[in-house]
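Read off the chains here:
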Amino acid sequence: MVSRRELLWGAGATALAGGGFAGGVLAAASAQRQGPAQMTMDIQSATASILDTPTTGLVSLSPDRPPPVIRLRQGEKFSADVVNTHGEPTAMHWHGLRVPNAMDGVPYLTQYPIQSGETFRYEFMSDDAGTYWYHPHCLTMEQMARGLTGILVVDEARDPGFDADLSLNLRDFRLNGKGEFIKLWEPRQAARGGTLGTVMTANWRQQELLDAPTGGIARLRVVATDVTRIYRLWLEGADGRVIAWDGHPLRTPIPWPSREEPLLLAAGQRAEFSVAMPETEGEEVRVMTMRAHQPHEIAKVRAVGANLARPLSEAPELPANPVPQPDLANAQVEEFVFGWSPEDAKPNYGLCGSVGYTFWSINRRPYEGDATPGLAPIATLQYGKSYIFRLRNESPNDHPVHLHGLTFVPLRSDKKPVRSNWTDTALLDSGETMDIAFVASNPGNWAFHCHIIEHQKTGLAGYIRIE
Ligand code: C2O
Ligand code: CU
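Here the structure is a predicted model, which means the values were calculated and not measured.

Here we take up the overall build of the protein chain. A count of helices and strands for the protein chain gives five helices and 29 strands. For 467 residues, the compact-globule formula gives about 23 Å, and the C-alpha radius of gyration of the protein chain, at 21 Å, lands near that figure. Summarising its shape, the C-alpha atoms of the protein chain cover approximately 65 × 55 × 50 Å along the three principal directions. Looking at the protein chain as a whole, 60% of its 467 residues are labelled buried. Accessible surface for the protein chain amounts to roughly 17900 Å². Of this, 50% is attributable to carbon and sulfur atoms. Each charge sign in the protein chain was given a centre, from 43 positive and 53 negative side chains, and these centres are 3 Å apart.

In structure tokens form, the structure reads like this:
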């Protein structure tokens, strides 16, 4: 028996030589299937005014707008044809969703890169409601830094009853004063905390303005889709509650953030707020973050219409998602250390682009690259068993560590109190050791990497196998 992985890597070599053979086969196979109503995501170049003048060289799903908020409903089939008219290979990943492995969008590990002119059909269903996002996993730095990061909302099977449902896609762009892209990242920053953008945006605007009913309760979804930045967030001008973290309703409360104690939202993470809108029409709630050590208003929500006078005590409750609870007493412990790369390895990223440097590693092993034949997992887990991953960051930088296909819970840390909220991306502070736990409930090969994309692409990546 040939495993799916060997099949992919074996044929992948042919694809490299033959130019798109593999993707063509997959596209042809999916074209014969009669699917449900579906959407098309057409990856293309875009132009939009992020500063006062148009910025060209953006990547999006339309010629002039940010990637849209995609909505699906919990428990219902979703289908998207990702059409690549952009000219460079790509692959789409659904960050935080527990999808079947073949739909996870990781080149060579779960599919071939989607080459220019090709289409790949993604089909899955999400058991979990909440706030997730989508981004490419091939030429990841180039395409994400140029705009291709979008919010994905899975609506609860039953509408919880907010008066507004708002989303903020937080990310930077690296532009000069004329609105032109500058170098997307700097090697010397990649070897440290990562390269920050020059222009901070929400939904591609420097000052986003949203509306919600006066005196109503708004649900505000905030998603950090930046390639690097760790946001320090709070809201001014309203009372509210943090209601969900990384897609899932809270199990442990998170205090309402303030300037003194902001909420840290690292690259890849999401927070949801219930916001009691002001009772006077025209008043605004300000979404704040620190920028260069100064408070910065990144968006506001304006009260519009008649006063609904709905008290915060009436805020809707979110139903829990069906995430399996790990059996801690019988969990197996696996250790991982995140640190420097021991040598200057030459990774093989195939069609998906090497950045030409190696700085980082997991378990002293820098990532060999997406297209390395026979690439071994950094751990092999048994389907259905519970695991504790001991994550040790021996580097002087912070790393938001992301695990595909699974939802885990932080258990403890040697540096800070942790909250037992379900997540897929844990922020490891410099020098920190954190235990996380989960059930190996989703079979397949799951990417495991830092979500500071420069770190991911310079070695801090790998995958685990559940079989
Ligand atoms: Cu958003 Cu591999 O990740
Ligand atoms: Cu990192």
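Once the structure has been displayed, the description carries forward.
Here we take up the packing of aromatic side chains. In total, this model carries 19 aromatic pairs according to the counting rule given. Ring geometry for W94 versus Y122: centroids 5.3 Å apart, planes at 75°, classification edge-to-face. Taken together, the residues span a long stretch of sequence, with W94 in strand 5 (residues 92-95) and Y122 in strand 6 (residues 119-125) at a distance of 28 residues. The pair W94 / Y122 is uniform in exposure class, with both members buried. With 4.9 Å between their ring centres and 10° between their planes, W340 and W360 make a pair best called stacked. Within this pair, whereas W340 is found in strand 20 (residues 332-340), its partner W360 is found in strand 21 (residues 360-362), the two being separated by 20 residues in sequence. An aromatic cluster of three or more residues is present, and its members are F78, W94, F120, Y122, F124 and Y134.

The next thing to look at is the coordination of the copper ion (ligand 2). For the copper ion (ligand 2), every protein donor is listed as H399 (ND1), C450 (SG) and H455 (ND1), and the spread of their distances is 2.0 Å. Read in sequence order, the donor residues for the copper ion (ligand 2) give the motif H-x50-C-x4-H. The same class applies to C450 as to H455, namely buried.

As enumerated under the stated definition, the model contains one disulfide in all. Paired through a disulfide, C138 and C352 show a sulfur-sulfur distance of 2.0 Å. Given an S-S torsion of about -95°, the disulfide between C138 and C352 has left-handed geometry. Here C138 is found in the loop between strand 7 (130-136) and helix 3 (140-145), whereas its partner C352 is found in the loop between strand 20 and strand 21, with 214 residues between them in sequence. Here C138 and C352 have matching classes, each one buried.

Another point: the sheet that holds strand 14 (residues 239-245). Remark on secondary structure: sheet strands pair via backbone hydrogen bonds, oriented parallel or antiparallel. Across the sheet, six strands lie side by side as 10-9-12-17-14-15; this open sheet has mixed pairing. Because the sheet does not close on itself, it has two edges, and the strands there are strand 10 (199-202) and strand 15 (248-249). Looking at chain direction, strand 9 (residues 164-173) and strand 10 are connected through four bridges and run antiparallel. By the bridge assignment, L170 is partnered in strand 10 with A202.

Thresholds, definitions, all that
- Residues numbered from 1 in each chain as written.
- Chains lettered and ligands numbered in written order.
- Predicted model: local features only at pLDDT ≥ 70, side-chain atom pairs only at ≥ 80, totals over all residues.
- Heavy atoms only, no water.
- Helix = DSSP H or I, 4+ residues; strand = E, 2+ residues; numbered from the N terminus.
- Rg over C-alpha atoms; globule rule 2.2 N^0.38 Å.
- Buried < 20%, exposed > 50% of the residue type's maximum accessible area, 1.4 Å probe, protein only.
- Areas by Shrake-Rupley, 256 points an atom, 1.4 Å probe, with all protein chains shown as cover.
- Lys, Arg positive; Asp, Glu negative; His and termini not counted.
- Charge placed at Lys NZ, Arg CZ, Asp CG, Glu CD.
- Phe/Tyr/Trp six-rings, centres within 6.5 Å; stacked < 30°, edge-to-face > 60°.
- Donors = N, O, S within 2.8 Å, 3.2 Å for Na, K, Ca; no water.
- Disulfide = S-S within 2.5 Å.
- Pairing = 2+ DSSP bridges.

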